[in-house]
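One-letter residues, chain by chain:
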Amino acid sequence: MTTQSANRLFGRRILLGISAGIAAYKSAQLARLLKQAGCEVRVVMTEGAQAFITPLTLQALTGEAVRTSLLDPEAEAGMGHIELARWADIILIAPATADLMARLAQGMADDLLTTLCLASEAEKIMAPAMNQAMWRHVATQRNAARLAQDGWRLLGPASGDQACGDVGPGRMLEPEAIVAELIQPISEAPHENAPAQGLHVVITAGPTREPLDPVRYLSNHSSGKMGFALATAAAELGARVTLISGPVSLSTPAGVERIDVETALQMHEASRRLAASCDIFIGCAAVADYRAEAAAEHKIKKREGEDGLTLSLVKNPDIIADVAKQRDAAGGRPFVVGFAAETRDLEAYARDKLVRKRLDMIVANDVSAAGLGFGADDNAALLLWRNGEGESGASLPPQPKTQLARAVIERALGCLTPRPVH
Ligand code: PMT
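Sequence order as written defines residue numbering, which begins from 1 separately in each chain. Thresholds applied to this predicted model are a pLDDT of at least 70 for local features of residues and 80 or more for the giving and counting of side-chain atom pairs; totals over whole chains, interfaces and linings are not thresholded and use all residues. Side-chain measures here rest on the full set of heavy atoms in the structure, leaving out hydrogens and waters.

Asks: How should the domain arrangement of the protein be read in this particular structure?
Replies: Frequently, the measure chosen for interface size is the accessible area removed from exposure when the parts meet. Residue ranges for the domains trace back to a domain assignment, done automatically or taken from a database. One can read the domain layout of the protein as domain 1 (1-189) and domain 2 (191-300 + 307-422). Between domain 1 and domain 2, the C-alpha centre-to-centre distance is 31 Å. What makes two residues a contact is simply this: any of their non-hydrogen atoms within 4.5 Å. Counting residues at the interface gives 19 residues for domain 1, matched by 16 residues for domain 2. Both sides of the domain 1 and domain 2 interface together cover about 1400 Å² of buried area, and 46% of this is carbon and sulfur. Summed over both partners, the accessible area lost on bringing two parts together, with a 1.4 Å probe, is the buried area.

Asks: Help me understand the site of the ligand, please; the structure alone is not making it clear to me.
Replies: For the ligand, the set of nearby residues contains 28 residues, the closest of which are Ser222, Ser223, Gly283, Lys353 and Asn365. Residues adjacent in sequence count toward polar contacts only when both atoms are side-chain atoms; beyond that, a polar contact is any pair of N or O atoms within 3.5 Å, and within protein one must be able to donate a hydrogen and the other to accept it. Residue Gly283 places a main-chain N or O atom 2.6 Å away from an oxygen atom belonging to the ligand. For the ligand, an oxygen atom lies 2.5 Å from a polar atom in the side chain of Lys353. For the ligand, whose free accessible area comes to 780 Å², the fraction covered by protein is 95%. Secondary structure elements are taken from DSSP: a helix is a run of H or I of four residues or more, a strand is a run of E of two residues or more, and numbering for both begins at the N terminus. Among the secondary structure elements, those contributing two or more residues to the shell around the ligand are helix H10 (225-236), helix H12 (319-325) and strand S16 (335-342). Just so you know the grouping, Ala, Val, Leu, Ile, Met, Phe, Trp, Tyr, Cys and Pro go in nonpolar, Asp, Glu, Lys and Arg go in charged, and all remaining residues, Gly too, go in polar. Of the residues assigned to the shell around the ligand, the class counts are 13 nonpolar, nine polar and six charged. Here, proximity means that at least one heavy atom of the residue falls within 4 Å of the molecule or strand. Method for areas: the Shrake-Rupley scheme with a 1.4 Å probe, in which residue coverage is limited to the protein chains shown.

Asks: How should H10 be read in this particular structure?
Replies: Multiplying one less than the number of residues by 1.5 Å gives the expected span of a helix. The terminal C-alpha atoms of H10 lie 16 Å apart, and with twelve residues this matches the ideal 16 Å at 1.5 Å per residue to within 8%. Classification of residues uses two cut-offs on accessible area relative to the type maximum, computed with a 1.4 Å probe and protein chains only: under 20% is buried, over 50% is exposed, and between them is partly exposed. Among the twelve residues of H10, nine are classified as buried, and the element is accordingly described as predominantly covered. Buried within H10 are the following residues: Met226, Gly227, Phe228, Ala229, Leu230, Ala231, Ala233, Ala234 and Ala235.

Asks: Whenever I open this one, the sheet that holds strand S3 (residues 90-96) confuses me. Can you help?
Replies: As a general point, the strands of a sheet are linked pairwise by backbone hydrogen bonds and lie either parallel or antiparallel. Spatially, S2-S1-S3-S4-S5 is the arrangement adopted by the five strands of the open sheet, whose pairing is parallel. Every interior strand has two partners, whereas the edge strands, strand S2 (40-45) and strand S5 (153-154), have only one. Any two strands with at least two DSSP-identified bridges between them are counted as paired. Sheet topology note: the strand S1 (residues 13-18)/S3 ladder contains four bridges and is parallel. When the sheet's bridge partners are listed, Leu16 is paired in S3 with Leu92. Every angle, taken between N-to-C directions, lies between 0 and 180 degrees, and every axis is a line fitted to C-alpha atoms, over only the stretch in contact when it is a helix. The strands that helix H9 (residues 175-182) touches are S3, strand S4 (123-128) and S5; relative to S3, the one it contacts most, it runs at about 155 degrees.

Asks: So what exactly am I meant to see when it comes to a nonpolar patch on the surface here?
Replies: Exposure above 30% relative accessible area and the lack of any salt bridge qualify a residue for a patch; like charges then connect within 9 Å, and the nonpolar side chains Val, Leu, Ile, Met, Phe, Trp and Tyr within 5 Å. The salt bridge definition used is simple: a Lys or Arg side-chain nitrogen within 4 Å of an Asp or Glu carboxyl oxygen. Residues Tyr290, Leu309, Leu311 and Leu313 make up a contiguous nonpolar surface patch of roughly 380 Å² in combined accessible area. Looking at the secondary structure, you find Leu309 in the loop between strand S14 (290-292) and strand S15 (313-315).

Below, the structure written as structure tokens:
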């Protein structure tokens, strides 16, 4: 429940853009919730969006005429498009289709909505929605990264059942979740001279899922809580944060850009792409070490007379070791922080990973301890890091993951200058 004083949306002018996806039907509820939160809402629909929901529905909900065309003399006579672009405090596009994202990433202005986006200095937010294969396509991922660099805040997409029958990332966030993301009180915004201001932090979180057949997969118990807590802490300290998340049921922390993936190969691709330009890379995800050599096209059936089933697995790439190896044109790379999930000989195994994977710092946690580690709200860790004089360490006792995350980010920031030499 939000109060008017804490509600960042109260009195804000929101230009709600709707593009051509089946999720457009949810935009009606979104418009209603925004009105209830005290916003002034005006709607702009692309031509295709009108095949999914009528302008009349949105007009009835907002009490304002809905704009659909750039070349509409009557509408332009009321409020011209430049005036509309200046009017908005926030441009929120929900759903944002792959096509619209591509056009915006290119800076095109070939319809009213894209023109407004170019002409407006408003805060820009979008909730992507599309088929899971379209979302995962390298072109869409490239466009999503470009838009984030250009200052767009991307909310979602969520993972799950899709209208087309597929399962995976690409569902538009529910209207309630979108409003909850927008409604953060202004006081939560990072302070201007926050310690991570100007830094880009990329974090992997959650499990990966490695399909065996259309209905089964290999995975683990990671809930994403530790990685999401790190993302929250880094954003609160002023960093630009990109969270590469496996399938989890957590909502995106305020101010964090999120990229949803399912498999280790997808996480690897997103990590390689983003690590090239970030300052700190943190691998908190519990990445499956192996995947099926070839996922079966159809559901694997029980065989009469056979008691066992042999799966042929191949090794997944070691994402963090790969990131630590990457070099940019100037021979640099991000400060790389790994995690070590161990059930015995915590320090020895963690030190081995620190050196073998060429990490700058490692957060070693004992995942066999009751009430800590996988799925829990609390965690404890041994931090080990490399500096010019050798290796240093610190023991962090059991505490909420939110607190532990803050300590990890602060320690990583403290190690950033001078940059470790390898
Ligand atoms: O998500 P939660 O429920 O909150 O639980 C948090 C956690 C226990 C998952 C987290 O604290 C943690 O320990 N994450 C790392 C889990 C893990 O896979 O550890 P590992 O020791 O197997 O891997 C070592 C490092 O290599 C990790 O940084 C891991 O992300 C990375 N790795 C591992 C395998 C692989 N193929 N690629 C990798 O990048």
